[in-house]
Each structure stands twice: as structure tokens, then as C-alpha cells.
Protein chains: 2
Amino acid sequence: MELSERKLKILRAIISSYIQEGEAVGSRTISKKHNMGISSATVRNEMSDLEELGYLIQPHTSAGRVPTDKAYRLYVNGLMKSTSVGKYSEQINRILQEEINEMNSFIKNSARILSNFTHYTSFAMTPQLKESKLKHIQLVPVSDKKILLVIVTENNIIKNVVFNMSSSIPQDQLNRISNLLTAKLSGVKLSMLNRELKNEIMHEIYSIRESFDEKLDELMVLLMNTANQYEKVELYYNGLTNILNYPEYSDTNKAKELLSFVEDKESFTKALLNVEGKDLSILIGKENEFEQIKECSIVTATYKLNGIIIGKVGLIGPTRMDYKNVISMIKSLSFNINKLINENYTDIKRSETDG
Amino acid sequence: MELSERKLKILRAIISSYIQEGEAVGSRTISKKHNMGISSATVRNEMSDLEELGYLIQPHTSAGRVPTDKAYRLYVNGLMKSTSVGKYSEQINRILQEEINEMNSFIKNSARILSNFTHYTSFAMTPQLKESKLKHIQLVPVSDKKILLVIVTENNIIKNVVFNMSSSIPQDQLNRISNLLTAKLSGVKLSMLNRELKNEIMHEIYSIRESFDEKLDELMVLLMNTANQYEKVELYYNGLTNILNYPEYSDTNKAKELLSFVEDKESFTKALLNVEGKDLSILIGKENEFEQIKECSIVTATYKLNGIIIGKVGLIGPTRMDYKNVISMIKSLSFNINKLINENYTDIKRSETDG
DNA sequence: CTTAGCACTCATTAAGGGAGAGTGCTAACA
DNA sequence: TGTTAGCACTCTCCCTTAATGAGTGCTAAG
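Residues numbered from 1 in each chain as written. Chains lettered and ligands numbered in written order. Predicted model: local features only at pLDDT ≥ 70, side-chain atom pairs only at ≥ 80, totals over all residues. Heavy atoms only, no water.

**Some words on the confidence of the model for chain A**
In step 1: Summary statistics for chain A give a mean pLDDT of 87 and a share of 91% for residues scoring 70 or more.
In step 2: Counting contacts from residues 348–355 of chain A, a segment whose pLDDT is below 50, to residues more than four positions away or on other chains yields eleven contacts. (pLDDT = per-residue confidence, 0-100. Contact = heavy atoms within 4.5 Å.)

Okay, structure coming up:
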């Protein structure tokens with residue numbers, strides 16, 4: 001059944017009001033404050049219909065009405081006035097620039113911006129790199145038997161891993177091995193590292209016959225074994241306590257339940273990875289998979305590198321979320337993230353000085 | 001005025017009970033449950049004295065009594081049965097080992113252990129390195145004009161900074177510069193980097209006359225300018241929401257006030273740095289400097305490298321904290337942190353292969 | 001010095017009773 | 001047929017009142 005123009009108008013008014021005030025909306029409020037030129041009785045009739053259709057519920061008989069998840073869904077799908085990329089775009093761009101040099105700081109900064117501007121709890125995932133290609137490998141001596149492996153991807157993203165070797169390798173050999181590995185592995189995807197590639201490369205390398213074979217072998221094993229670590233995604237939050245601003249969570253137990261869920265990075269990351277990778281995804285209330293967040297909405301945006309999604313930013317708040325503002329904000333943010341990432345972390349032809 | 005043996009016994013019983021239950025303790029409870037062989041009336045007389053002496057207060061006339069900060073101070077200073085290094089020491093050691101290779105992960109892990117074992121909110125500061133000496137410097141090409149600077153200190157701690165250069169430097173030159181910088185700067189304290197040292201070193205280097213002077217100059221300026229960044233301390237939390245378990249914070253506003261304070265890493269770090277650097281420091285209630293935590297206790301332990309304090313771990317909770325357990329736990333933890341750090345991150349004679 | 005006894009205090013809880021917000025329904029009106 | 005005024009009804013919220021009970025301080029006797 002299609003909703004009449006008037007029903008839509010009333011529904012929108014109710015949703016707006018509820019998002020603002022957080023209290024059940026009565027017919028009189030709508031009739032008066034939103035100058036509909038319609039009496040409260042008429043509004044009541046319409047509201048009664050809207051309730052029957054599943055867009056509204058009454059907390060109790062003599063309360064006003066509250067929008068359902070279905071109503072919010074309708075709202076974000078088009079009922080709210082569509083939002084352009086927000087007015088804060090330039091400001092966001094400026095703040096993002098401040099931490100552009102290092103990817104993780106950049107992402108951390110993104111989360112901070114989002115919660116500062118929206119007053120919800122924000123989060124940001126660092127890039128997944130399994131599809132990234134290696135560009136440069138550098139081994140750095142740390143201590144006698146510890147070696148730092150620095151990986152630079154073609155996206156200019158940097159990863160560190162420390163290895164424990166069974167015996168020490170002198171500096172000049174480390175440099176030679178670094179050059180060798182860079183030459184052999186550059187252009188190879190991180191996700192390919194842990195395959196039979198190792199044997200193949202070892203074969204090639206053995207044919208050159210260097211004097212540090214057995215060490216190189218051990219090194220390769222370690223390198224391959226820890227390859228899956230590079231996929232490890234970090235999650236940053238900001239504004240966890242913002243949740244406590246909303247009357248929905250004035251009950252400590254409710255607040256605790258939600259905060260504990262969010263604070264547990266592992267399960268929350270899992271939940272986020274499950275979210276479909278659309279440019280902008282909005283999950284409202286019971287659309288969420290996990291019980292603890294079925295009264296929340298999660299808005300996430302992706303960021304891409306060369307067209308491939310590598311991470312997500314977003315925020316979580318009560319279903320009564322200021323979607324309009326939030327969406328405008330998150331669009332601005334992800335627009336700027338994408339722009340800056342692709343300016344600063346994009347694939348570049350390998351420098352001729354390599355190898 | 002000295003407290004009589006009996007007064008001390010009663011006070012200890014009250015504190016224990018209040019730490020356990022979180023509710024004002026009455027004379028009857030003490031007389032009965034702690035089998036003192038003393039009537040409640042006698043206990044009342046003693047409690048009245050203790051109140052006059054500032055060890056107890058009554059929330060209201062007909063409530064039992066609650067220990068004051070002064071009472072907790074007495075308690076931790078010796079009233080509670082002294083704690084040995086706890087029984088979980090081995091378990092802690094095992095868990096710490098899992099993330100031993102990289103300092104920041106190690107510290108993050110420490111915070112996790114602390115909150116998991118105590119159910120309070122824990123925190124851990126990453127090492128301050130201004131007193132650390134450089135051991136190795138490696139420049140790694142990232143993109144055309146971006147260079148990664150990897151610093152390894154004599155403590156085997158690794159720091160990364162990405163620079164933007166005005167022009168590109170080929171790989172082989174980067175290696176030569178790296179070697180040069182390692183040779184010139186190893187043994188130098190990080191805190192010395194931003195001084196006139198630069199000019200001195202440049203002087204020396206100029207005398208060697210390489211072909212890339214102006215780039216090196218730029219690089220040195222960047223390196224020196226960002227030197228203060230190496231001191232930047234990171235703060236990790238764990239179990240933020242544990243605070244919500246305690247009835248003291250069943251009021252959302254109180255919880256929010258505290259959580260916001262703790263969540264603000266900058267000001268909280270500042271607060272922590274102000275704490276005197278004893279092996280074990282306990283700040284009870286109003287002993288804390290900041291208004292927002294004057295109803296909390298903060299227990300911190302330091303960790304050292306070669307006898308120098310480089311960081312802190314600790315936890316925050318209501319003044320009604322289970323000091324006995326907490327102190328035992330944190331002693332175990334810091335003991336193991338110190339042990340492992342000094343095994344894995346201790347100064348080592350520079351390898352002969354350097355330079 | 002200790003303790004039994006007792007009056008007193010005060011938080012907590014439950015019950016009762018407006019007040020107010022909002023509804024549903026009906027009947028009249030355009 | 002849709003709209004609206006009117007009204008009874010419902011239910012929450014808040015205030016008051018009263019009962020309960022935990023715990024105290026004081027006194028007087030042991």
C-alpha cells in the first residue's frame with residue numbers, strides 16, 4: 001500500500017521531531033508546530049493508520065507515537081530531504097591533511113573528526129592490505145637476533161614486523177637481502193606471500209648462490225609465516241562516552257551493554273566486516289545482526305584505493321539518529337578521505353632506482 | 001593520637017566490608033560477622049571515636065559508616081595484610097610473552113592483562129624515549145618524495161616517521177645516507193637531536209663532501225624538527241566500561257564525567273605524568289589533582305629500562321577499591337614487565353657490523 | 001569499660017491521588 | 001467522504017503520606 005502525500009508529510013514531521021527531542025510525538029504537536037493546516041484529530045486518524053502500517057508505535061496508550069525501524073528506513077531511503085556533501089567539507093579536508101603522512105594516524109584522525117562533528121561514537125578501520133602489492137622491503141637490524149622487517153606497499157602504506165632469528169645477520173648482508181627481496185617480491189600481492197611462492201623464489205635465489213643461504217631460508221619462512229599478520233585490521237574509536245549523552249542510555253545497564261560490545265574490538269570489527277561494502281551503508285535497529293546493537297543504527301562509509309575498498313569509517317548511535325546531518329557529514333568525510341588517500345597513497349610506477 | 005589495637009581492628013573490618021559490599025557498614029555487622037567478641041554498642045563507641053578522628057563518615061544519621069580517604073590511606077600504608085607478588089605471576093608472564101616482539105603491542109597487552117585480572121579500568125603508557133640512545137637509522141623510500149625514517153634505539157625500540165621531501169632521493173643514496181647517519185648519530189640521545197647537534201654533524205659531513213649535500217641538509221632539518229615527536233607517549237586503555245560495574249557510577253552523569261576524563265587521552269596522560277615516579281604509587285580520592293577523579297583511586301606502577309623509568313601502567317577505580325588484590329596484581333605485572341623488558345629491550349653493545 | 005535498652009533519625013518503599021498529555025471514538029459539519 | 005470539535009478515557013509522572021527498618025546516640029546498669 002502506498003502512503004498518501006499527507007501521510008508521508010506527517011510521518012516525516014514525526015520522525016524529525018522525535019530525532020530532535022527524543023520524546024514520543026503527539027498529534028497536537030504535529031498539527032500546531034509543523035503548520036500543516038490540519039487539525040489534531042485528522043492527524044490522529046492518520047497516525048492511527050501509520051501505526052497499523054507499522055511505521056509508528058505507542059510506548060503506552062496515552063503517549064504520543066514513536067517511529068519504528070521501518071519508518072527510519074523509509075526516512076533514510078528518501079523521505080528526508082536529500083543531503084549534498086556538507087558545508088564542512090573544507091574544514092574536514094584541512095584537519096585530515098594534518099595527519100596525512102602515516103596511514104594509521106590518518107585513519108585515527110578520521111574517527112576523531114567524525115565524532116567531534118556529529119557527537120556520536122565513531123570508529124575507523126585501518127586498511128586491509130591483502131590486495132596491495134609490495135613495493136619495497138627493508139630489513140633493519142634491531143638487536144643481535146632481532147630483525148625489523150619494513151614493508152612498503154605500492155599504496156605507500158608501511159608495515160613493521162619484528163622477527164626473532166636463530167642467529168645474527170650482519171648489517172651488510174641485511175642490505176643485500178633487502179635488495180634481493182625487493183627485486184624479487186615487488187609487485188607481488190601480500191595475499192600471495194604465504195603460498196608456494198616461497199619455494200619458487202628460493203629456487204631463483206639459490207641459483208644466484210650467495211653465502212648466507214640458510215639464514216635467508218629462515219628469514220623467508222618467517223616472512224611468509226607472518227604474512228597473514230599484514231591483513232590484521234586495527235580499529236580506532238572516538239567519542240565512546242558520547243553514547244551516554246542520549247536519554248536512551250540513561251540506564252547504566254543499557255549503556256554498559258552497548259559500550260561493552262563496542263569496546264570489544266574483536267567482535268565489533270567482525271560485525272563491521274560483515275556489513276555489505278557499499279559506499280554508504282546504514283543499518284537501522286533490528287537490521288543489525290548482533291543482539292546488543294539492535295536498538296542502534298550504524299552508518300558506515302568505505303574508503304577505496306584504486307577502486308578497491310580497503311577500509312571503513314562510521315558511527316554508531318541510537319536508532320533515533322540525526323541521519324540527515326550524519327549522512328551529510330560522513331559523505332563529506334569519506335569524500336575527503338578518498339581524495340587524500342588517492343592523492344597520497346596511490347600506486348605509482350616503481351621508481352627506476354629500485355633493484 | 002595513636003589508634004588502639006581494637007580501633008585498628010574495627011577500622012580494618014569496616015574497610016574490608018565496605019570494599020566488598022559497597023554499602024555503609026553498621027556496628028551490628030562488625031560485632032556479629034567479624035566475631036570480635038564485642039557488642040555492637042562497644043563498636044558504636046569506637047566508631048564514634050573513629051569518626052571524630054576523621055577515618056569514617058556517615059552518609060546520613062541513620063546509616064552505617066563509610067571509610068574516608070584518610071582511612072584508605074592508613075589501610076594501604078600497612079593496615080591491610082601485606083601482599084606478596086601474586087599467585088598469577090606465571091600466568092601473567094606467559095601472556096606478556098605473546099606480544100614481546102614489539103614494544104607498543106607489549107604495552108597494550110599489559111593494559112589488557114591488568115583490566116582482565118582486576119575488573120577495573122586499566123591504562124598503560126608507552127615508553128618515553130628522550131633518554132634513549134640511537135643505535136640505527138634507516139631511510140626507506142616510500143614514494144617519489146616520501147621517505148620513511150626508521151629509528152632503532154639501543155633499547156631495541158623502533159620508531160617510524162614519514163617525511164615529505166621537496167625532491168626525490170634515489171635508493172642507493174638513501175642507503176648511503178642511512179649509513180652515514182647511523183655512524184654519526186648512534187650513541188646520541190634522542191633528546192639531544194634537536195639542538196645545535198645538527199650543525200655540528202653537518203659540518204663533519206660537509207667535510208666528507210658528498211654529491212647530495214642540499215638534500216641531506218633538508219633531511220637533517222626534517223629529522224631534527226620532528227625529533228620531539230619521538231617523545232610522544234601513547235596511552236592504551238582497557239576495560240573502560242568496567243567502571244560501569246560499580247554502584248558508585250550507576251548515575252550516568254557521574255559515569256560520563258569520569259569516563260570523559262579518562263577517554264581524553266591528552267589530559268589523562270598529563271595527569272599520569274604528574275604522578276610521582278615511585279615503583280608503586282597509590283593516589284586515593286582527593287589526593288588526586290584533578291576534580292573529575294577526586295572520588296577515584298589511581299594505582300600506578302612504573303617500568304624501567306636500565307634503571308631508568310620509561311613508562312607507567314596502572315588502573316583507576318572507585319576509592320572503594322580492592323587495594324589488596326589490585327596491589328598484588330600490579331606488583332606481579334610490573335615485575336614481569338620489567339623482567340621481560342630488560343631481557344628483550346636492554347642495551348646491547350653495538351654490533352661490530354655497524355657503520 | 002562494657003553492654004542492654006530505648007528513643008530518635010532518616011533513607012527507602014509503597015500506596016494514593018491529582019495533573020497533564022495524549023488518545024480513540026462519536027457526532028456534526030463541509 | 002473527509003474533516004473537525006468535543007469528550008471520556010488511559011496512563012505516566014510527580015507529589016504527598018505513611019509504614020518500615022536499619023542504624024545511631026545516649027543512658028543507666030552491670
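Structure's up, so let's keep going.
**Digging into the relation of the copies chain B and chain A**
The operation relating the pair of chain copies consists of a rotation about an axis and a translation along that axis.
In step 1: Screw-axis analysis of chain B against chain A gives a translation of 0.1 Å along the axis, an RMSD of 0.2 Å, and a rotation angle of 180°. Those values place the two copies in the arrangement expected of a two-fold rotation axis. Taking C-alpha positions as reference, the residue of chain B nearest the rotation axis is threonine 252 of chain B, located at 3.0 Å.
In step 2: When the interface residues of chain B are mapped onto chain A, 100% of them are again interface residues, pointing to one common binding face. (Least-squares fit on C-alpha atoms with pLDDT ≥ 70 in both.)

**Comments concerning the interface of chain B and chain A**
In step 1: Contacts between the two partners involve 45 residues from chain B, matched on the other side by 45 residues from chain A.
In step 2: Taken together, both faces of the contact between chain B and chain A bury some 3,600 Å²; the carbon and sulfur share is 53%.
In step 3: In this structure, the connection of chain B to chain A is made through two salt bridges.
In step 4: Linking glutamate 234 of chain A and lysine 108 of chain B is a salt bridge whose minimum nitrogen-to-oxygen distance equals 3.4 Å.
In step 5: Between the two partners, chain B and chain A, sit 23 residue pairs in polar contact (both at pLDDT 80 or more).
In step 6: The set of elements that each furnish at least two residues to the side of chain B that touches chain A consists of β4 (134–141), β5 (146–153), β6 (158–164), α7 (171–185) and α10 (252–263) of chain B.
In step 7: At six residues, α10 of chain B tops the list of elements feeding residues into the side of chain B that touches chain A. (Buried area = accessible area lost by both parts, 1.4 Å probe. Salt bridge = Lys/Arg side-chain N within 4 Å of Asp/Glu carboxyl O. Polar contact = N/O pair within 3.5 Å; in protein donor to acceptor, adjacent residues only side chain to side chain. Helix = DSSP H or I, 4+ residues; strand = E, 2+ residues; numbered from the N terminus.)

**Some words on the protein's contact with DNA strand D**
In step 1: Taken together, 20 residues form the shell around DNA strand D, and within it Arg6, Thr42 and Thr61 of chain A together with Ser27 and Arg65 of chain B come nearest.
In step 2: In the interface set of DNA strand D, defined as its atoms within 4 Å of the protein, sugar plus phosphate atoms amount to 75%.
In step 3: Contact between DNA strand D and arginine 6 of chain A: a phosphate oxygen at 2.5 Å from a side-chain N or O atom of the residue.
In step 4: In this structure, a sugar or linking oxygen belonging to DNA strand D sits 3.4 Å away from a main-chain N or O atom of alanine 63 of chain B.
In step 5: Here the surface near DNA strand D is composed, by residue class, of four nonpolar, twelve polar and four charged. (Near = heavy atom within 4 Å. Nonpolar A, V, L, I, M, F, W, Y, C, P; charged D, E, K, R; others polar.)

**A word on the packing of aromatic side chains**
In step 1: One pass over the structure, following the stated rule, counts 13 aromatic pairs over all chains.
In step 2: Plain terms: the ring middles of tyrosine 75 of chain A and tyrosine 323 of chain A are 6.5 Å apart, the flat faces sit at 65° to each other, and that makes the pair edge-to-face. Here tyrosine 323 of chain A lies in helix α12 (residues 323–344) and tyrosine 75 of chain A lies in helix α4 (residues 69–79), a separation of 248 residues in the sequence.
In step 3: For tyrosine 323 of chain A, a relative accessible area of 0% translates into the label buried.
In step 4: Ring centres of phenylalanine 261 of chain B and phenylalanine 268 of chain B lie 6.0 Å apart, and the angle between their planes is 90°; this geometry places the pair in the edge-to-face category.
In step 5: Taking relative accessible area as the criterion, phenylalanine 261 of chain B reaches 6% and is therefore assigned buried.
In step 6: Looking at phenylalanine 268 of chain B, the relative accessible area reads 1%, which means it is buried.
In step 7: Members of the aromatic cluster, each reached through a chain of ring pairs, are Phe123, Phe261, Phe268 and Phe290 of chain A.
In step 8: Of note, lysine 70 of chain A hangs over the ring of tyrosine 55 of chain A, and the distance from its end group to the ring centre comes to 4.6 Å. (Phe/Tyr/Trp six-rings, centres within 6.5 Å; stacked < 30°, edge-to-face > 60°. Buried < 20%, exposed > 50% of the residue type's maximum accessible area, 1.4 Å probe, protein only. Lys NZ or Arg CZ within 6 Å of the ring centre and 35° of its normal.)

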